[in-house]
Structure formats: structure tokens, C-alpha cells
Amino acid sequence: MYLPNTLYERAPHYWLFVGLLLIVVGIYLGLQVDTKFMLLGVTLGAFSCAWGIRILVRRARKAGEANVATVSSTPD
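Note that the structure is predicted; figures quoted are calculated from it, not measured.

A cluster of nonpolar residues, Met1, Leu3, Leu7 and Tyr8, forms a patch on the protein surface that exposes about 500 Å² of accessible area. Here leucine 3 shows up in the segment before helix H1 (5-32). Taking relative accessible area as the criterion, leucine 3 reaches 38% and is therefore assigned partly exposed.

This is the structure:
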């Protein structure tokens, strides 16, 4: 499946936004309705944020490795 480059680059930010939104909604519903909503919202939100951070770190590491590989492979 083809994803436009702008959407692909912003995917980790989407996961972070969704995670923060789940945390906020979970806390709000947990205080208003039931603590099960808080537990579920905060747990899913934390996993979503962790997934977004994981994607950001892996992409940054791969980009850094590619730059190092091209610099070291040049003949002197």
C-alpha cells in the first residue's frame, strides 16, 4: 500500500497525539463515570505513546546509520 511521504513522516506524531488523547479522555471518564475507564484509557494511551516514540527512535537511528555508512564508505 502506498502512503504519501508526508503521512509516513507524521505517523509517529499521530500515535503520540492519539495516546495523549486517550490518556486525557480516560482520566476524564475515570473521574466522571468509573475508574475502569481511567485504567483502560491510561493504559492504551501509554502504549500508543510508547509505540510512537519507538517509531521515532528507530527512524532516527536508521537515518543516522545510513549517514555514517555513506561517509565511511567514501575512498580516501
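Okay, back to it.
Turning to a positive patch on the surface, a few remarks are in order. Together, Arg54, Arg58, Arg61 and Lys62 make up a region of like positive charge exposed at the surface. Position of arginine 54 relative to the elements: it lies in helix H2 (residues 35-72). Residue class for arginine 54 comes out partly exposed when judged on its relative accessible area of 38%.

Scoring rules and cut-offs
Residues numbered from 1 in each chain as written. Predicted model: local features only at pLDDT ≥ 70, side-chain atom pairs only at ≥ 80, totals over all residues. Heavy atoms only, no water. Patch = residues over 30% accessible without salt bridge, like charges linked within 9 Å, V, L, I, M, F, W, Y side chains within 5 Å. Areas by Shrake-Rupley, 256 points an atom, 1.4 Å probe, with all protein chains shown as cover. Salt bridge = Lys/Arg side-chain N within 4 Å of Asp/Glu carboxyl O. Helix = DSSP H or I, 4+ residues; strand = E, 2+ residues; numbered from the N terminus. Buried < 20%, exposed > 50% of the residue type's maximum accessible area, 1.4 Å probe, protein only. Lys, Arg positive; Asp, Glu negative; His and termini not counted. Charge placed at Lys NZ, Arg CZ, Asp CG, Glu CD.

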